[in-house]
Amino acid sequence: MITIQGLRKTYGPVVALDSIDLDIKTGEVIALLGPSGCGKSTTLQLVAGFIAPTAGEIRVGERLLSSSHSVVPPERRGMSLIFQSYAIWPHKTVAENVAFGLQVRGVPKAQIVTRVKQHLSTVRLDHLAERYPSELSGGQQQRIALARALVVDPEILLLDEPLSNLDANLREEMRFEIRRLHETTGITMIYVTHDQTEAMVCADRIAVMNKGRIEQIGSAFEIYEQPRTQFVASFIGRANTFSGELVEQGLVQTGGSRLQAIDESGARAGIAVTVCVRPHRVALGSAPSGGPANKLHGRIERAAYLGESSDYLVELTDGTRIRALVPPETRYQVGQQIDVYLPVRDCRVVAQ
Ligand code: ADP
């Protein structure tokens, strides 16, 4: 439905967006996820039509919306945008806030009443229609913003860090609320966030961005379990990383050892690569069952009991450090020598 091709935006010498390609299907929720400054908001503003691309195109279906020559204005793109500061009018009731967009479009009054009612019900605010925003919680206020964005029947909903002003508990609740809203409405969404859990809960696919580019795009499962680059592996969850050189497919020479790993990198022998392994996949003391493992040796440098697991930092013989999250029953002392096992199926070769 949305086709983004070779999209680029520069401000003088600053490259805000290097070059991205992205296809979004009708009814899909895509999250743009990445650290501050990676180009997420620039992408969203380009899609919304607030700014013009330096190069590249944005199409919705067959319709060309943006190119370096022409930009269809925001109000003619069939999109609604929600920001983190959700700018609702304090002197209007909940229902009046939601009705406003329809009034300015000259929609007949009876129709406004029906549509406002329907959308307040979608976001579960129907019982609070006559209240003023100051009488509502932050999460309820954000739901007004959602209802207001949806009531004008956009084809596409754009969300820019919509939950970042809410406290942690509310944020968690609202993630599921947004997911539910999508299941009810089926609307296509582009969702900008720097919060990986938010992206994992809300989106069908996640585009992980870094330095103005998309490093990887896939489901939450794919980007967590099958990262393709060191950046993706480290940004999504925690990862131990060992840089080295590919000896042959699936075998990497690192500083102190040769590691066997799952290798879908397509890299050739001699190329500098990284091996990643998640801390909760590392085993200490004895070999894990269920397949071969790389065996290393080290010394416990730091230990913490976390209730659901124990968290160890181990200094390996070659001086590198590795984090292991193991079952809480295992109790090792700082200074103790220990065997460290990295199951081959949990080690992955990724590009540096
Ligand atoms: P994100 O939303 O991922 O935090 P942005 O898209 O806002 O990142 O910004 C990407 C990069 O482009 C940043 O380095 C930012 O400083 C730069 N940038 C964004 N807008 C402008 C602008 N109007 N003028 C100059 N540089 C900009």
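All figures in this text were calculated on a predicted structure; none of them were measured in a lab.

K.L.:
Would you take a moment to explain the overall build of the chain for this structure?
P.N.:
Looking only at helices and strands, the chain has eight helices and 20 strands in total. Seen through its principal axes, the chain has C-alpha atoms that stretch 75 × 50 × 35 Å. A sequence separation of at least 24 residues applies to 65% of the contacts in the chain between residues at least 6 apart. Accessible area for the chain stands at about 16600 Å²; split by element, carbon and sulfur atoms hold 49% of it.

K.L.:
How should the sheet that holds strand β13 (residues 258-260) be read in this particular structure?
P.N.:
What links the strands of a sheet is backbone hydrogen bonding, and the strands pair in either a parallel or an antiparallel sense. A sheet is described by the order of its strands in space; here five strands give the open sequence β13-β12-β11-β14-β20, paired in antiparallel fashion. In this open sheet, the two strands that pair with only one neighbour each are β13 and β20 (348-351). For this sheet, the mean inter-axis angle between neighbouring strands, taken without regard to orientation, is 45°. As paired elements, strand β11 (residues 240-248) and strand β14 (residues 272-277) share six bridges and run antiparallel to each other. Pairing of Thr-241 across the sheet is with Cys-276, part of β14.

K.L.:
What is the right way to read the site of the ligand from this model?
P.N.:
All residues in the neighbourhood of the ligand are listed as Tyr-11, Val-14, Ala-16, Pro-35, Ser-36, Gly-37, Cys-38, Gly-39, Lys-40, Ser-41 and Thr-42. Within the side chain of Ser-41, a nitrogen or oxygen atom sits 2.8 Å from an oxygen atom of the ligand. In the model, an oxygen atom of the ligand is placed 2.5 Å from a nitrogen or oxygen of the Thr-42 side chain. About the coverage of the ligand: the protein hides 59% of its 560 Å² of free accessible area. Residue assignment for the shell around the ligand shows that the elements contributing at least two residues are β2 (14-24) and α1 (40-48). At three residues, the largest contribution of residues to the shell around the ligand is made by α1.

K.L.:
Got a minute to help me understand the packing of helix α2 (residues 94-104) against helix α3 (residues 109-122) in this structure?
P.N.:
In the contact formed by α2 and α3, the axes pass within 9 Å of each other and the chain directions differ by 125°. With respect to α3, the axis of α2 lies oblique. Taken as a pair, α2 and α3 cross one another with a handedness that is right-handed. Only Ile-112, Arg-115, Val-116 and Leu-120 of α3 make contact with α2, whose side of the interface consists of Val-94, Ala-95, Val-98, Ala-99, Leu-102 and Gln-103.

K.L.:
Would you take a moment to explain unusual backbone geometry for this structure?
P.N.:
Trans peptide bonds make up the majority, and among non-glycine residues the majority have a negative phi. The phi angle at Arg-124 is positive, at roughly 60°, despite the residue not being glycine. One can find Arg-124 in the loop between α3 and α4 (138-151). Assessed through its relative accessible area of 43%, Arg-124 is described here as partly exposed. Its identity as a non-glycine residue notwithstanding, Asp-153 has a phi of 55°, on the positive side. Tracing the backbone shows Asp-153 in the loop between α4 and β7 (156-160). Since its relative accessible area comes to 54%, Asp-153 is described here as exposed.

K.L.:
Would you explain the domain arrangement of the chain in this entry?
P.N.:
Note: interface size is frequently given as the accessible area lost on complex formation between the parts. If you check the domain split of the chain, you get domain 1 (2-225) and domain 2 (238-351). In this structure, domain 1 and domain 2 have C-alpha centres spaced 39 Å apart.

K.L.:
Would you explain the layout of surface pockets in this entry?
P.N.:
Think of a ball as big as a water molecule: rolled over the atoms, this probe shows where empty space is left. Considering only enclosed or pocket space, the largest pocket measures out at about 670 Å³ in volume. What lines the largest pocket is a set of 26 residues, and nearest its centre among them are Met-79, Ser-80, Leu-81, Arg-105 and Ala-149. Among the secondary structure elements, those contributing two or more residues to the lining of the largest pocket are β6 (79-82), α2 and α4. Per-class residue counts for the lining of the largest pocket are 17 nonpolar, five polar and four charged.

What counts as what
- Residue indices begin from 1 for each chain and proceed along its sequence in written order.
- In keeping with the model being predicted, local features are shown solely for residues with a pLDDT of at least 70 and side-chain atom pairs are shown and tallied solely at 80 or more, while totals for entire chains, interfaces and linings include all residues.
- As a rule here, side-chain values cover all heavy atoms of the structure and leave hydrogens and water aside.
- Secondary structure elements are taken from DSSP: a helix is a run of H or I of four residues or more, a strand is a run of E of two residues or more, and numbering for both begins at the N terminus.
- The contact criterion used is simple: two residues touch if any of their non-hydrogen atoms lie within 4.5 Å.
- Surface accessibility follows the Shrake-Rupley procedure with a 1.4 Å probe radius. Residue values consider only the protein chains on display as shielding.
- Here, any two strands with at least 2 DSSP bridges between them count as paired.
- A fitted line through C-alpha atoms represents every axis, and for helices the fit uses only the stretch in contact; the resulting angles, taken between N-to-C directions, go from 0 to 180 degrees.
- In this text, near means that some heavy atom of the residue lies within 4 Å of the molecule or strand in question.
- Under the rule applied, a polar contact is a pair of N or O atoms within 3.5 Å (in protein, one hydrogen donor and one hydrogen acceptor; residues adjacent in sequence only if both atoms are side-chain atoms).
- Geometric relationships in this document are graded by angle, where less than 35 degrees denotes roughly parallel, more than 145 denotes roughly antiparallel, 65 to 115 denotes roughly perpendicular, and other angles denote oblique.
- Note on convention: the crossing is left-handed when the near helix lies turned anticlockwise from the far helix by less than a right angle, right-handed when the turn is clockwise.
- Under the scheme applied here, a residue whose accessible area is under 20% of the maximum for its type counts as buried, over 50% as exposed, and between as partly exposed, the area being computed with a 1.4 Å probe on protein chains only.
- Either an automatic procedure or a domain database provided the assignment from which the domain bounds are taken.
- A cavity here means a set of points on a 1 Å grid, drawn over the protein atoms and nothing else, where a 1.4 Å probe fits but cannot get out; a pocket is an open set with protein on both sides within 12 Å along at least five of seven lines, and a residue lines either one if it has an atom within 4 Å of a point.
- Grid points are joined across faces, edges and corners, and a volume is the space filled by probe spheres set on the points.
- Following the grouping adopted for this structure description, the nonpolar residues are Ala, Val, Leu, Ile, Met, Phe, Trp, Tyr, Cys and Pro, the charged ones are Asp, Glu, Lys and Arg, and the polar ones are all others, Gly among them.

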